[in-house]
Every structure is written in structure tokens, then in C-alpha cells.
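Chain by chain, the residues:
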Amino acid sequence: ITALAPFTIGATTAIAAGRYDASGGGIEFTSPEVRSLVVGFGVGGQRLFGGSDVGAGANLTIRAGERVRIEAGGEFHRVQIPGEFNSFESLVVNTRLAVGLSPDLNLDGYAGYNHLARQLIAQLRLRWTWPQASDVFVVWQEQLNSAPWTVAARSVVAKVTWAIF
């Protein structure tokens, strides 16, 4: 890995520009995706900027009916980089609720929390597919800082795709 310019990971861990050896591996398990309950987990590690990153994650998917799916997952990492105060832990948790209101109209809700950034991001996506390969998306997103709970950013975006072939 080559860092072209210095940067920071975690809250205060400085990475100098330069070339770094990298290697890693892990193992993952996921139950069959054809069931109404899907469970997955994994562990892994890697050499990272002269140090190490060891982590584990898990996810759960519940198909609560023909048109409803609930997903939740998380990852925990312990990062150790040589130097004083250069170790940190990272925890990210994500959830999703997908509802098929009709075969052509879907509503997805997402929420994710990043404990390093102390931020919660929530998003709602409404997608309507009309003629084949044509759709309309409306996405609302809010980013909240957790200490104290304040709105950091809010957006609404719309996109229309119309296939003419």
C-alpha cells in the first residue's frame, strides 16, 4: 500500500506518507440465503500501515414475509499502529428495513452508527419502477452527531431515469 500524502485514521492516529507492506486474511460463514432467517459472521486480521487490524463482524437477515426484510449487522475492529496513543477500537452498527409496497414500489430505511465519528446516519429511499429500466428515486438522509444529539447534515435527493429504447 502506498500513502501518497499523510493522513489520519481513527481520532488521532497519524499515518505518514510512504510505502507499507500489506497482508491479511479471514474466515466468514453465512447460512443459506434461501431461508427466511440468514445468519452470518466472520473474523479476520491484516497488517495495516506498519501495525495490525483485527476484527469480527456478524449480520442477521429476517424475511418477515414476501415483501418485508429486516437486516442488522455490526463490525468491531481493534487497530494498533506503532507509536504512542496510536491504538483505537472501531464499532459500526447498521440496520435496514426493506418493504415492497408493490412489485414496482419499494421503501427502504437505513440507519447506521459509527462510534469513532459519534454519528448516526438515517436514510429513507423510495423507489418506483415504471416502464422497464426506468425509475424514480427519492432519498432523504439525516446525519446526527451524538454528543450532544444535533443535526450535522440533512438532504433530500431525487433521481429520474427514463429508458427510451
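Residue numbers here run from 1 along each chain, matching the order of that chain's written sequence. Side-chain atom pairs in this predicted model are given and counted only at pLDDT of 80 or more, local residue features only at pLDDT of at least 70, and totals for whole chains, interfaces and linings cover all residues. Side-chain measures were taken over the full set of non-hydrogen atoms in the model, leaving aside hydrogen atoms and water.

*Asks:* Explanation requested: the environment of alanine 14 in the structure shown.
*Replies:* Tracing the sequence through the fold places alanine 14 in strand E3 (residues 13–15). The contact definition used throughout considers only heavy atoms, calling two residues in contact when any of these lie within 4.5 Å. Beyond its immediate sequence surroundings of up to four residues, alanine 14 is in contact with Phe7, Thr8 and Asn86. Helix and strand definitions follow DSSP, with helices as H or I runs of at least four residues and strands as E runs of at least two, each counted in order from the N terminus.

*Asks:* What should I look at first to understand the packing of aromatic side chains in this one?
*Replies:* Two numbers describe a pair of aromatic rings. These are the distance of the centres and the angle of the planes. Here a Phe, Tyr or Trp ring, Trp counted by its six-membered ring, pairs with any other such ring whose centre lies within 6.5 Å, and the pair is stacked when the planes are under 30 degrees apart, edge-to-face when over 60, and tilted otherwise. This model, assessed by the stated rule, comprises five aromatic pairs. The interplanar angle of 85° and the centroid separation of 5.2 Å between the aromatic rings of tyrosine 20 and phenylalanine 49 together place this pair among those described as edge-to-face. On the criterion of sequence distance, the pair formed by tyrosine 20 in the loop between strand E4 (18–19) and strand E5 (24–30) and phenylalanine 49 in the loop between strand E6 (37–48) and strand E7 (51–65) is long-range, its members being 29 residues apart. The class of tyrosine 20 is buried, set by a relative accessible area of 16%. Exposure is judged per residue with a 1.4 Å probe applied to protein chains only, and the accessible area is read against the type maximum: over 50% gives exposed, under 20% gives buried, and values in between give partly exposed. We classify phenylalanine 49 as buried; its relative accessible area is 14%. Ring geometry for tryptophan 128 versus tryptophan 130: centroids 6.0 Å apart, planes at 20°, classification stacked.

*Asks:* Can you help me understand the pattern of salt bridges in this one?
*Replies:* Close approach of charged atoms allows side chains of opposite charge to pair. When a carboxyl oxygen of Asp or Glu is within 4 Å of a side-chain nitrogen of Lys or Arg, the pair counts as a salt bridge. Under the defined criterion, the tally for this structure stands at seven salt bridges. Note that arginine 96 is salt-bridged to glutamate 71, the shortest N-O span being 3.6 Å. Taken as a pair, arginine 96 in strand E9 (residues 87–102) and glutamate 71 in strand E8 (residues 68–80) lie far apart in primary sequence, 25 residues in all. Overlapping salt bridges, with partners in common, bring together Arg69, Glu71, Arg96 and Asp108 in one network.

*Asks:* Teacher, can you tell me more about the confidence of the model for the protein here?
*Replies:* Detailed conclusions should not be drawn from predicted coordinates in areas where pLDDT is low. For every residue, the predictor states its confidence as a pLDDT score lying anywhere from 0 to 100. Predicted confidence across the protein gives a mean pLDDT of 91, with 100% of residues reaching 70 or more. The secondary-structure element of the protein with the lowest mean pLDDT is E3, recorded at 85, while E5 shows the highest, at 96.

*Asks:* What is the right way to look at the sheet that holds strand E11 (residues 119–129) in this model?
*Replies:* Across a sheet, strands are paired by hydrogen bonds formed along the backbone, either parallel or antiparallel in direction. Two strands qualify as a pair provided that DSSP identifies no fewer than 2 bridges between them. Here nine strands make up an open sheet; going across it, the order is E5-E6-E7-E8-E9-E10-E11-E12-E13 and the pairing antiparallel. In the strand order of this sheet, the two ends are held by E5 and strand E13 (149–161), each with one partner. Ignoring which end each strand starts from, the neighbouring axes of this sheet average 10° apart. Sheet analysis places E7 next to E8, joined by 13 bridges and oriented antiparallel. By the bridge assignment, glycine 55 is partnered in E8 with histidine 77. To get an axis, fit a line to the C-alpha atoms, keeping to the stretch in contact for a helix; angles then go from 0 to 180 degrees between the N-to-C directions.

*Asks:* Would you mind showing me how to read the nonpolar core here?
*Replies:* One broad rule of soluble globular proteins: the nonpolar side chains tend to lie buried together. The criterion is simple. A nonpolar core is a set of buried Ala, Val, Leu, Ile, Met, Phe, Trp, Tyr and Cys residues joined through side-chain atoms within 4.5 Å. By size, the foremost hydrophobic cluster in this structure holds nine residues: Ala3, Ile9, Ile15, Tyr20, Leu48, Phe49, Val79, Ile81 and Phe88. Ignoring sequence-local partners within four residues, the contact set of isoleucine 81 consists of Ile9, Thr13, Ile15, Leu48, Phe49, Gly51, Asn86 and Ser87.

*Asks:* Help me out: how do you make sense of a nonpolar patch on the surface in this one?
*Replies:* Patch rule: a residue counts if its relative accessible area is over 30% and it has no salt bridge; like charges are joined within 9 Å, and nonpolar side chains (Val, Leu, Ile, Met, Phe, Trp, Tyr) within 5 Å. Throughout, the Shrake-Rupley method with a 1.4 Å probe supplies accessible areas, and for residues the shown protein chains are the sole cover considered. Residues Phe29, Leu37, Val39, Phe41, Leu60, Ile62, Ile70 and Leu97 make up a contiguous nonpolar surface patch of about 650 Å² in total accessible area. Counting residues per element, the ones that place at least two in the nonpolar patch are E6 and E7. Relative to the elements of secondary structure, valine 39 occurs in strand E6.

*Asks:* What is the right way to look at the side chain of serine 146 in this model?
*Replies:* Mapped onto the elements, serine 146 comes out in strand E12 (residues 135–146). The class of serine 146 is buried, set by a relative accessible area of 15%. Side chain to side chain, serine 146 and tyrosine 113 meet in a polar contact 3.3 Å long. Beyond its immediate sequence surroundings of up to four residues, serine 146 is in contact with Tyr113 and Arg118. Here a polar contact is recorded for every N or O atom pair within 3.5 Å, except that within protein the pair must consist of a potential hydrogen donor and a potential acceptor, and residues adjacent in sequence are included only if both atoms are side-chain atoms.

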